[in-house]
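Chains, contacts and geometry: an overview
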Amino acid sequence: MTADGIGIGVLGCADIAARRTIPAILGAGMRLAAVASRSGDKARAFADRFGGVAIAGYQRLLERDDVDAVYIPLPIGMHEEWAAAALEAGKHVLVEKAATADPRAARRLVGLAAERGLLLMENFTFLQHSQHAEVGRLVAEGAIGRPRLFTGEFGFPLTDRSTIRHHPELGGGSLLDAGCYPVRAAQLFLGGSTNVLGSTLDIDECAQVDVAGSALLGDGNGMAAQCSFGFVHSYRNTYAIWGETGRIQLGWAFTPPATTRPVLRIERQDHVEERVLPADDQWVNTIRKFADLTTRPAEHEREHGQLVRQAALMEAVARCAR
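As the structure is a prediction and not an experimental result, all values here were calculated from the model. (Residues numbered from 1 in each chain as written. Predicted model: local features only at pLDDT ≥ 70, side-chain atom pairs only at ≥ 80, totals over all residues. Heavy atoms only, no water.)

A short note on the pairing of strand β2 (residues 31-37)
Basically, it comes down to this: Relative accessible area decides the class of each residue, using a 1.4 Å probe on protein chains only: under 20% of the type maximum gives buried, over 50% gives exposed, and in between gives partly exposed. Numbering of helices and strands runs from the N terminus; a helix is a DSSP stretch of H or I covering at least four residues, while a strand is a stretch of E covering at least two. Should DSSP find at least two bridges between two strands, the strands are taken to pair. For the handedness criterion, the strands are oriented away from the viewer, and a crossover whose path from the first strand over the helix to the second runs clockwise is classed as right-handed.
Of all the seven residues making up β2, six are buried; the element is thus mostly covered by neighbouring parts of the structure. Of the strand pairs in this sheet, strand β1 (residues 7-11) and β2 are connected by five bridges, and their pairing is parallel. By the bridge assignment, L11 is partnered in β2 with A36. For the segment spanning β1, helix α1 (residues 15-27) and β2, crossover handedness is right-handed. Relative to strand β3 (residues 53-56), β2 runs parallel, the two being bridged by four bridges. What sits directly across from A34, in β3, is V53. Handedness of the β-α-β unit built from β2, helix α2 (residues 40-50) and β3 comes out right-handed.

Section: the pattern of salt bridges
Cut-off, in case you're wondering: In the sections that follow, a salt bridge refers to a side-chain nitrogen of Lys or Arg positioned within 4 Å of a carboxyl oxygen of Asp or Glu.
Applying the stated rule across the entire model yields 23 salt bridges. Residue R104 is joined to E80 by a salt bridge in which the shortest nitrogen-to-oxygen separation is 3.2 Å. One end of the pair, R104, is in helix α5 (residues 103-116); the other, E80, is in helix α4 (residues 79-88), with 24 residues separating them in the sequence. Note on R104: relative accessible area 43%, which makes it partly exposed. Across the pair D292 and R296 runs a salt bridge whose closest N-O atoms are separated by 2.8 Å. Through salt bridges with shared partners, a single ionic network connects E134, R137, E141, E273 and R275.

Details of the side chain of H79
Rules: Residue contacts are counted whenever heavy atoms from the two residues lie within 4.5 Å of one another.
You can see H79 is positioned in helix α4. Classification of H79 as buried rests on a relative accessible area of 1%. Not counting residues within four places of it along the chain, the set of residues in contact with H79 comprises I72, L74, A84, V95, E96, A98 and A99.

What to know about the environment of Q128
Here Q128 shows up in the loop between β6 (120-123) and α6 (130-140). Setting aside residues up to four positions removed in sequence, Q128 forms contacts with D280, Q282, N285, T286 and K289.

Some words on the pairing of strand β12 (residues 246-250)
Summarising burial for β12: four of the five residues are buried, a large majority. One ladder, built from four bridges, connects strand β11 (residues 232-243) with β12; its direction is antiparallel. In the strand pairing of β12, I241 is matched with I248.

Concerning the packing of aromatic side chains
The cut-off we apply is this: A pair of Phe, Tyr and Trp rings is counted when the ring centres sit within 6.5 Å of each other, with Trp represented by its six-membered ring. The angle between the planes then sorts it: under 30 degrees is stacked, over 60 is edge-to-face, the rest tilted. Note on geometry: a ring has a charge over it if NZ (lysine) or CZ (arginine) is within 6 Å of the ring centre and within 35 degrees of the ring normal.
Per the counting criterion, the structure on display carries 15 aromatic pairs. Ring centres of Y58 and W82 lie 5.2 Å apart, and the angle between their planes is 80°; on these two criteria the pair is classed as edge-to-face. In this pair, Y58 is assigned in helix α3 (residues 58-62) and W82 in helix α4, connecting sequence segments 24 residues apart. You'll find Y58 and W82 in the same group, each marked buried. In textbook terms, an aromatic cluster arises when at least three aromatic residues are bridged by ring pairs, as seen for F124, F126, F150, F154, F156, Y181, F189, F231, Y239 and F254. Here the basic side chain of R20 rests over the ring of W283, its NZ or CZ set 4.3 Å away from the ring centre.

Brief notes about unusual backbone geometry
With an omega of -15°, the peptide bond running from K97 to A98 counts as cis. Following the sequence through the fold, A98 ends up in the loop between β5 (92-96) and α5. The residue Q208 is not glycine, and still its phi comes out positive at about 60°. Relative to the helices and strands, Q208 resides in the loop between β8 (195-204) and β9 (209-218).

Notes on the sheet that holds β3
Here is the rule we go by: With axes taken as lines fitted to C-alpha atoms, and helix axes fitted only over the stretch in contact, angles between N-to-C directions fall between 0 and 180 degrees.
Judged by pairing direction, the sheet is parallel, and its six strands sit side by side in the order β3-β2-β1-β4-β5-β6 without closing on themselves. Sheet topology places β3 and β6 at the edges, where each strand pairs with a single neighbour. Sheet twist, expressed as the average angle between the axes of neighbouring strands with direction ignored, equals 20°. Each of β1, β2, β4 (69-72), β5 and β6 touches α1; the most contacted strand, β1, lies at about 175° to it.

This is how it looks when you write it as structure tokens:
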């Protein structure tokens, strides 16, 4: 089967699926086979809008022969159950971040995928935006000397306390929802032996979820990362690399719209430069990469390893804060 012939099913009619992922599936030329919800009416509303077959019940979607892969935008607390069910049904899986903050669950899911020759991929779309490759190129060329510190911040004001972000049983909290971004981005620049050196989490006593936090990571080779995140902040969506001779910063690091031309800032002792980079659609790019990787079994191990490593770091941040 070619990548563009893959039938994708969607487990859950979440807002992120409607706003970003299903339009990206269609924009990438993939086939939307089916959409499932616990509510038949909600599934039909999605199918009427985007196409595909409307299905009441997640398991019924997994039983369909025309579904080769599934996208899971369910609450984080439901990821392990339904990712496992999809893999056991023989489907490739693209699961929203955070896939899980439990390394045990991550290893279990990766094991299921490897046993069946299937792809399990965590949906960090920002990784597929070309601006990060440009930062990596500049760092590799020595534009700021040896890199010493990564700083990443992702936070936003969240006044609606009725969403899943404030329900601990569903995997709520700012670490899993927002903190996963700078923690994942830091790994683009830190070495493979990255560890959590310290962390803090601010717990909302009413909701019993973390609403803000910070983590300090280190790779044992002289580079560190400061990652900050939360729901009780003014909006911030950025990261920077500080090196021995300069600094590089992205002003809209994680969720730039497809039509936005990001700005990259380079600062040196007597030089400040801003470069306007090309617009890029990270959501379409991610769907295309996922579909392509389903046809390349030899490359699955890298994605699986990244998912397990991310889960281990997220769990370590939470454990260190406790």
